[in-house]
Amino acid sequence: MMGTRTRLNLIGVVTFLSLAMAPPLPDSAVAQTTTRQVEVLTRGVVAVPDETGGVLISWRLRIDDPEDIAFDVYRQSDGEPERINDVPITEATCLMIPPDEVLSDSRYFVRPVVEGVEGESSQAAAVWQDGFLEIPLQPLAGYRPGDASVGDLDGDGQYEIVVHRQGRTHDNSHSGITDPAILEAYELDGTRLWRIDLGRNIRDGEHYTQFMVYDLDGDGRAEVACNTADATRDGTGKVIGDADADWRTVDPQSRSYGRILQSPEFLTVFDGQTGKAMQTVDYFPTRDPIDGWGGIGGNGGNDDYGNRCDRFLACVAYLDGVRPSLVMCRGVYGRTVLAAWDWRDGELTQRWVFDSGISYPPYTDASPYSGMGGHSLSVADVDDDGCDEIVYQAMVIDDDGQGLYSTGLRHGDAAHVGDWIPDRPGLEVFTVQENEESTVRFQTPGAAMRDARTGEILWSHSPAIDVGSGLVADIDPRYRGSEAWGGPGGLRTCRGEVIGRAPRASRFAIWWDGDPLRELLEGSRVRRWDWQAEREFTIAEFPARGGRYPCLMGDILGDWREEVLLPSPNGRALRLFSTNIPTSHRIPTLMQNPQYRLGITWQNVVYNKPPHPSFDMADALGEK
């Protein structure tokens, strides 16, 4: 069993604050505590069959659990519940039931045991008979499931799902009319809570609709926040703005065909339980000037038809170290603006704005923070002061809205923040960079590892090479820390030493099989890296539609391993997959590690990336 120091390192917080159904903290309390508001979660019990007919039962360990907590597992069939473990379980938060002990139509629950006394029962879980949980979606002709997020929308300690349903979509670089973006909320049994129609004046595509699902005011229930416009219809049917307005450019000969460049823009916070719009304010910043968003990022270009001005990102961060703030962002290739908002007592107030400023070709007067954005972002406490920073690809914005540093590495398509080099203090950032057309002259490295606090480049490679994808994860047990790959040169240690061929998969890493090494998620397959043969092989394949990204991936249920949410083959349902492999390791749910939980929140942003905790898993478990 892990010691107290290890547990605190895993969680990354000073103390635990229970806030289930509690009122928000008053302003006076913020200055008196460094405790973060965190979710209060149930045990999240799951029961998943394996190929032999056995069933794996797993559940959450929580950060407020006593060190010596144990668990009893019960089977509920006909009659009284039956305890199925001989002695309380202390070594892991899972139990494999052999095939000859599995009874049909049984449900399973757990009871905590502290100092020999059993506590209350968890909610009972039925066995996922098909090996996954099917979550049916309400019919919506012409639409398919896209990105998803989770939050406790009703305050019962269990996650609900918010899914972005997509019809016709377009990338910012492409013209054309899109279908309205739709957000829907579902219980895990398929009960739909609400539908929000963002309307004709919100263009749909992965650069546009970044929706944040999080408990922003600490009342125990998550809100939903996103950009809105005239004719957006909330979950109660109420229209935001002008219901009849149509701001789309409808001339097919225009480079701006299908874009919305004249409309007012809004930011709305919706009630998570009902979808009701609680407050709408003007979105900041506006898109104007439309030609003011170019810079040395990407190919170093500019445009006046609505491409670069409508690149949106978003996240949630604990900027004061206590309560979460909403951060809405615009721009990646040149000008970049981040606006932080607080949702307190039913009101949105702006905390700060960071603006790298406008410049025009040849960009000689551009801010060092211009052109440093990417197609995703991360949130982490990089300077260990208890407050979060925004890692915006090649730069970092401090918790007070000031630039912490800019590396000058410019724009890229992937960034990963974690404790990649556990022998060094603090966190590191691994990024890949674009080098194309006029920006090749900068000789920017195609990939680089840097110190997250200072921006110091620890190692890099492939100057002037355009690297489109890269990943960092611990996939080879022979080397301490994580391995990184992306671009020429193969697989590298956390220190940048080449050790062999690299995996082909470079988008998502996942903890699935029970050891500290991470596997690779590729479409609908989980693949393990064979470091001796230098190849990937499949250990799990899901009956689902696997695309470039999952709808969501993270520690949603069960023990600390991660689940995968994918569309069903016909697109009429979501399917949630959880591991059926036992583990001997016991750690608190990753969802109570602040960096990891916020990674789930921003995962739906643009080019989706996996969430990473603030610690090295193998190091924390004493295996390296």
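These numbers were taken from a predicted model, which means no experiment stands behind them.

Asker: Explain the overall build of the protein residue by residue, including any values.
Answerer: When helices and strands are counted, the protein shows four helices and 42 strands. For a compact globule of 624 residues, the expected C-alpha radius of gyration is about 25 Å, and the protein comes in at 24 Å, within 12% of that figure. The dimensions of the protein, computed from C-alpha atoms along their principal axes, are 75 × 55 × 50 Å. A burial count over the protein gives 63% of its 624 residues as buried. Entry remark: accessible area of the protein is about 22,300 Å², with carbon and sulfur atoms responsible for 47%. The distance from the centre of the 58 positive side-chain charges to the centre of the 97 negative ones in the protein is 5 Å.

Asker: Account for the side chain of Glu-483, naming residues and giving values.
Answerer: Locating Glu-483 in the fold gives a position in strand S33 (residues 483–485). Overall, Glu-483 belongs to the buried group, its relative accessible area being 0%. At 2.8 Å, the side chain of Glu-483 and the backbone nitrogen of Ile-475 are in polar contact.

Asker: So what's going on with the pattern of salt bridges? Which residues, and what values?
Answerer: Throughout the structure, instances matching the rule amount to 35 salt bridges. Between Asp-355 and Arg-335 there is a salt bridge, and its shortest N-O distance comes to 2.8 Å. Remark: Arg-335 occurs in the loop between strand S21 (325–330) and strand S22 (337–344) and Asp-355 occurs in strand S23 (residues 347–355); sequence separation between them is 20 residues. Exposure remark for Arg-335: the relative accessible area of 8% places this residue in the buried category. Overlapping salt bridges bring together Arg-165, Glu-184, Arg-192 and Arg-195 as one network.

Asker: Outline the environment of Asp-189, listing residues and values.
Answerer: The residue Asp-189 is located in the loop between strand S12 (182–186) and strand S13 (192–197) in this model. In this structure the C-alpha to C-alpha distance between Asp-189 and Leu-133, which are 56 residues apart in sequence, comes to 8.5 Å. There is a polar contact of 2.9 Å between the side chain of Asp-189 and the side chain of Thr-191.

Asker: Give a detailed account of the pairing of strand S28 (residues 414–418), specifying residues and quantitative values.
Answerer: Burial within S28 is extensive, with five of its five residues counted as buried. What you see with S28 is no split at all: Ala-414, His-416 and Gly-418 on one side and Ala-415 and Val-417 on the other are buried throughout. When S28 meets strand S29 (residues 428–432), the two strands line up antiparallel, connected through five bridges. By the bridge assignment for S29, Ala-414 is matched with Val-432.

Asker: Summarise the sheet that holds strand S9 (residues 133–136); cite the residues concerned and give the values.
Answerer: The strand order S9-S42-S41-S40 describes an open sheet built from four strands, whose pairing is antiparallel. This sheet does not close on itself; its edge strands, each paired only once, are S9 and strand S40 (552–554). Strand-to-strand twist across the sheet, computed as the mean angle between neighbouring axes with direction ignored, equals 15°. Here four bridges tie S9 to strand S42 (residues 573–577), and the two strands are oriented antiparallel to one another.

Asker: A description of the nonpolar core should follow, citing residues and the corresponding values.
Answerer: Counting residues in each nonpolar core, the largest one holds 61 residues, and the members touching the most others are Leu-338, Ile-390, Tyr-392 and Phe-542. It is strand S20 (residues 312–317) that contributes the most residues to this core, six residues altogether. Not counting residues up to four positions away in its chain, the partners in contact with Phe-542 are Trp-512, Leu-521, Ser-524, Val-526, Val-564, Leu-566 and Phe-577. Among the nonpolar cores identified, the runner-up in size contains 29 residues, and Leu-41, Leu-133, Ile-161 and Met-617 belong to it.

Asker: Now, about the environment of Glu-115: what can you tell me, with residues and values included?
Answerer: Considering the arrangement of structural elements, one finds Glu-115 in the loop between strand S6 (107–114) and strand S7 (117–118). In this structure, the C-alpha to C-alpha distance between Glu-115 and Ser-469, residues 354 residues apart in sequence, is 50 Å.

Asker: Any details on the packing of aromatic side chains? Residues and values, ideally.
Answerer: In the structure shown here, the tally under the stated rule is nine aromatic pairs. Considering the side-chain rings of Tyr-214 and Tyr-318, the 6.3 Å spacing of their centres and the 85° angle between planes classify their relative orientation as edge-to-face. Here Tyr-214, found in strand S14 (residues 212–214), pairs with Tyr-318, found in the loop between S20 and S21; they are 104 residues apart in sequence, far enough to count as distant. The same class applies to Tyr-214 as to Tyr-318, namely buried. Between the aromatic rings of Phe-430 and Trp-459, the centroid separation amounts to 6.0 Å while the plane-to-plane angle is 40°, which identifies the pairing as tilted. Of this pair, Phe-430 sits in strand S29 while Trp-459 sits in strand S31 (residues 457–463), and the two are 29 residues apart along the sequence. Here Phe-430 matches Trp-459 in class, with each residue buried. Grouped by ring-pair contacts, the aromatic residues Phe-132, Trp-512, Phe-542 and Phe-577 constitute a single cluster. Across the ring face of Tyr-74, the terminal group of Arg-111 is positioned such that the distance to the ring centre comes to 4.4 Å.

Asker: An account of the sheet that holds strand S1 (residues 46–49) is requested, with residue identities and associated values reported.
Answerer: With antiparallel pairing, the three strands of this open sheet are ordered in space as S1-S2-S5. The outermost strands of the open sheet, each flanked by one partner alone, are S1 and strand S5 (94–97). This sheet shows a mean twist of 20° between the axes of neighbouring strands, independent of strand direction.

Asker: I'd like a rundown of the confidence of the model for the protein, residues and numbers included.
Answerer: Averaged over all residues, the pLDDT of the protein equals 93, while 94% of them reach at least 70. This stretch, residues 1–33, has a pLDDT under 50; its non-local contacts, to residues over four places away or in other chains, come to 77 contacts.

Asker: Can you break down unusual backbone geometry residue by residue, with the values?
Answerer: With an omega dihedral of 5°, the bond running from Phe-284 to Pro-285 counts as a cis peptide bond. Looking at the element boundaries, Pro-285 is found in the loop between strand S19 (277–282) and S20. Cis geometry marks the peptide bond from Asp-288 to Pro-289, where omega comes out at -5°. Residue position: Pro-289 is located in the loop between S19 and S20.

Conventions adopted
- Residues numbered from 1 in each chain as written.
- Predicted model: local features only at pLDDT ≥ 70, side-chain atom pairs only at ≥ 80, totals over all residues.
- Heavy atoms only, no water.
- Helix = DSSP H or I, 4+ residues; strand = E, 2+ residues; numbered from the N terminus.
- Rg over C-alpha atoms; globule rule 2.2 N^0.38 Å.
- Buried < 20%, exposed > 50% of the residue type's maximum accessible area, 1.4 Å probe, protein only.
- Areas by Shrake-Rupley, 256 points an atom, 1.4 Å probe, with all protein chains shown as cover.
- Lys, Arg positive; Asp, Glu negative; His and termini not counted.
- Charge placed at Lys NZ, Arg CZ, Asp CG, Glu CD.
- Polar contact = N/O pair within 3.5 Å; in protein donor to acceptor, adjacent residues only side chain to side chain.
- Salt bridge = Lys/Arg side-chain N within 4 Å of Asp/Glu carboxyl O.
- Pairing = 2+ DSSP bridges.
- Axes fitted to C-alpha atoms, helices over the stretch in contact; angles between N-to-C directions.
- Core = buried A, V, L, I, M, F, W, Y, C linked by side-chain atoms within 4.5 Å.
- Contact = heavy atoms within 4.5 Å.
- Phe/Tyr/Trp six-rings, centres within 6.5 Å; stacked < 30°, edge-to-face > 60°.
- Lys NZ or Arg CZ within 6 Å of the ring centre and 35° of its normal.
- pLDDT = per-residue confidence, 0-100.

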